[in-house]
Amino acid sequence: MAERAGVAQATVSLVLNGGRDKVAPETADRIEAVIAELGYQPNRFAQALRTSRSHVIACVVPDLTNPFYPSLVVAVQKVVRNAGYEVITIDTEGELANERQVVAAALQGRYDGVVGVFFNLSARDLAPLGKNGVPVVRIEVRRKSGGSLPIDDLFIDNQAAARAVTAHLLGLGHRAIAMVAARGGPQSVRLQGYLDAMAASGAEPIVLEATHFTVEAGSEMADRIVASDQRVTAIIAANDLMAIGVIKSLLRNGLSVPHDISVAGFDDIMASALVTPGLTTVAQFQDRLGARAAEKLLSRLISRETEPAQPEEMPFELVIRASVAPPPDVQN
């Protein structure tokens, strides 16, 4: 192959292993043309034995059935596959034991790097990976730092996002605003943002906690609100799946959204624009999040850099749709 392309074997190897940008463009084009002509496929097992690398990335998510995560995974795949890596997606179900299994597998050499969402493991728990040359990129719901460890952190300020949603409802005239949360994950920071905004306005918080971030859990919490004596005019759910469950419950109970009760969510999954009424929510741009996380991971893999990382903040945006309106007393 090298002889046919008129280059050294080392140059061919460089291009095959994701180093196209390190050779002249015309040389890389010529090598890739020969590769395509010969139908060459690299032997990943042989490469792993020779380089002590698996060329596999672990992408960790807590719930693959949540529509927020598949687009994040796809974004990671697109970036790392262009560099010659494959992706294994691991659904930990948000469980500590499953997250620990990912760390153990990476230490055994099954993954060259790990990227994704950890509900339970801290930087200290992930420290053995960094110390053994396995780079990690965490996607977080608030600012975190790996300290002196080579652990990169991408985060969205979920507390600020929750404040923004709550402040929008308060600005429309709502005072009786309930927060439907769930255990684990982003609950604490999103709940805190809601509480901050409610306290600043002098409004009394109303918090209901479910066990899961699901449509069914959101529906159950809304049923409780309807059955209670509390006069609630707006409900914020901790994610869009729960918000959709809230809407289903309210409509089933003969209430109009948003005329009787406004509803807002988090994540801006595809379904949030498809439900009726369209769901007001927080866009977190999971495709950008996944792509940026993969870029940071690849940078570590290629450079073998072990310097401490700086947390990087990613944007969010409040998306206003038809599920939110002024409360009934203001409308009338």
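Now for a look at the structure at hand. (Residues numbered from 1 in each chain as written. Predicted model: local features only at pLDDT ≥ 70, side-chain atom pairs only at ≥ 80, totals over all residues. Heavy atoms only, no water.)

A few points about the overall build of the protein
The line we're drawing: Numbering of helices and strands runs from the N terminus, with a helix taken as a DSSP run of H or I at least four residues long and a strand as a DSSP run of E at least two residues long. The cut-offs for exposure are 20% and 50% of the maximum accessible area for each residue type, with area from a 1.4 Å probe on protein chains only; residues under the lower value are buried, those over the upper are exposed, and the others partly exposed. We call two residues in contact whenever any of their non-hydrogen atoms come within 4.5 Å of each other. What sets the accessible areas is the Shrake-Rupley method with a 1.4 Å probe; for residues, cover comes only from the shown protein chains.
Of regular secondary structure, the protein possesses 13 helices and 12 strands. Looking at the protein as a whole, 52% of its 332 residues are labelled buried. The contacts of the protein with a sequence gap of at least 6 include a subset with a gap of at least 24, amounting to 68%. Approximately 15200 Å² of the protein is accessible, and the part contributed by carbon and sulfur atoms is 51%.

Observations regarding the nonpolar core
Selection criterion: Joining through side-chain atoms within 4.5 Å is the link that ties buried Ala, Val, Leu, Ile, Met, Phe, Trp, Tyr and Cys residues into a set, and such a set is a nonpolar core.
Formed by 42 residues in total, the largest nonpolar core has its most connected members in Ile177, Tyr194, Ile235, Ile236, Met242 and Val263. Going through the elements one at a time, helix H8 (158-171), strand S6 (177-182), helix H9 (187-201), strand S7 (206-210), helix H10 (215-227), strand S8 (234-237), helix H11 (240-252) and strand S9 (262-264) are the ones with two or more residues in this core. What methionine 242 contacts, discounting residues up to four positions off in sequence, is Val180, Ala181, Ala182, Ala210, His212, Phe213, Thr214, Val215, Ala217, Gly218 and Ala237. With 31 residues, the next largest nonpolar core counts Val61, Val73, Val87 and Ala291 among its residues.

Things to note about the environment of glutamate 86
Position of glutamate 86 among the secondary structure elements: in strand S2 (residues 86-91). When the C-alpha atoms of glutamate 86 and histidine 55 are compared, they prove to be 6.3 Å apart, with 31 residues separating the residues in sequence.

Comments concerning the side chain of threonine 280
Tracing the sequence through the fold places threonine 280 in the loop between S9 and strand S10 (281-283). Threonine 280 has contacts with Val263, Ala264, Gly265, Leu318, Val319, Ile320, Arg321, Ser323 and Val324, leaving out every residue within four places of it along the chain.

Details of the side chain of aspartate 240
This is how it is decided: In this tally, Lys and Arg are treated as positive and Asp and Glu as negative; His is ignored, and so are the chain termini. By definition, a salt bridge exists where a carboxyl oxygen of Asp or Glu is found within 4 Å of a side-chain nitrogen of Lys or Arg. In protein, a polar contact means a hydrogen-donor-capable atom and an acceptor-capable atom, both N or O and within 3.5 Å, with residues adjacent in sequence counting only if both atoms are side-chain atoms; elsewhere, any N or O pair within 3.5 Å suffices.
Within the secondary structure, aspartate 240 sits in helix H11. Here aspartate 240 sits buried without a salt bridge, and the closest side chain of opposite charge, arginine 321, lies 6.2 Å off (N-O distance). Here the side chain of aspartate 240 touches isoleucine 269 through a polar contact of 2.9 Å, landing on its backbone nitrogen.

What to know about the pattern of salt bridges
This model, assessed by the stated rule, comprises 13 salt bridges. Note that arginine 292 and glutamate 312 form a salt bridge whose closest N and O atoms lie 3.0 Å from each other. Of the two residues, arginine 292 is situated in helix H12 (residues 286-303) and glutamate 312 in strand S11 (residues 312-313); the sequence distance between them amounts to 20 residues. For arginine 292, a relative accessible area of 28% puts it in the partly exposed group.

Thoughts on the sheet that holds strand S5 (residues 151-155)
Put simply, the test is: Strands pair, by our definition, only if DSSP identifies at least two bridges between them.
Spatially, the 6 strands line up as an open sheet ordered S2-S1-S3-S4-S5-S11, and their pairing is parallel. Whereas interior strands pair on both sides, the edge strands pair on one side only; in this sheet they are S2 and S11. Looking at chain direction, strand S4 (residues 136-140) and S5 are connected through 5 bridges and run parallel. Looking at the pairing, isoleucine 139 lines up with leucine 154 of S5.

A look at the packing of H8 against H9
This is how it is decided: Axes here refer to lines fitted to C-alpha atoms; in helices the fit is confined to the stretch in contact. Angles between the N-to-C directions go from 0 to 180 degrees. Comment on the angle field: the value is read as roughly parallel under 35 degrees, roughly antiparallel over 145, roughly perpendicular from 65 to 115, and oblique elsewhere. Should the near helix be turned counterclockwise from the far one by less than a right angle, the crossing is left-handed, whereas a clockwise turn marks it as right-handed. By the convention adopted, Pro, Cys, Tyr, Trp, Phe, Met, Ile, Leu, Val and Ala count as nonpolar, Lys, Arg, Asp and Glu as charged, and the other residues, Gly among them, as polar.
Put simply, H8 and H9 touch, their axes get as near as 7 Å, and they point 40° apart. Put simply, H8 runs oblique to H9. Two packed elements cross with a definite hand, and for H8 against H9 that hand is right-handed. Across the interface between the two elements, Asn158, Gln159, Ala162, Arg163, Thr166, Ala167 and Leu170 from H8 touch Val189, Arg190, Gln192, Gly193, Tyr194, Asp196, Ala197, Met198 and Ser201 from H9. Taken together, the residues that form the contact of H8 with H9 break down as 7 nonpolar, 6 polar and 3 charged.

Some thoughts on the packing of aromatic side chains
As a reminder, the rule being used: Classification of ring pairs rests on two measures: the distance between centres of Phe, Tyr or Trp rings, Trp counted by its six-membered ring, which must be within 6.5 Å, and the angle between planes, read as stacked under 30 degrees, edge-to-face over 60 and tilted in between. Counted as over-ring charges are cases with an Arg CZ or a Lys NZ within 6 Å of the ring centre that also lie within 35 degrees of the ring normal.
Across all of its chains, the model carries 1 aromatic pair by this definition. Aromatic pair phenylalanine 68 and tyrosine 69: ring centres 5.1 Å apart, planes at 90°, arrangement edge-to-face. Of the residues examined, phenylalanine 68 reaches a relative accessible area of 7% and is grouped as buried. Take tyrosine 69: its relative accessible area is 9%, and that puts it in the buried class. Sitting over the ring of phenylalanine 285, arginine 288 keeps its end group 4.1 Å from the ring centre.

Here's the deal with the pairing of S6
What counts here: We call a crossover right-handed when, viewed with both strands directed away from the observer, the connection leading from the first strand over the helix to the second proceeds clockwise.
With 6 of its 6 residues buried, S6 lies for the most part within the structure. The alternating pattern of S6 places Ile177, Met179 and Ala181 and Ala178, Val180 and Ala182 on opposite faces, both of which are buried. For S6 and S8, the ladder comprises 4 bridges, and the chain directions are parallel. Residue pairing for S8: alanine 178 is matched across the bridge by isoleucine 235. Both S6 and S7 contribute to a ladder of 5 bridges, which runs parallel. Its bridge partner being in S7, alanine 182 is matched across the sheet by alanine 210. After leaving S6, the chain enters H9 and then returns to the sheet as S7, a path that is right-handed.

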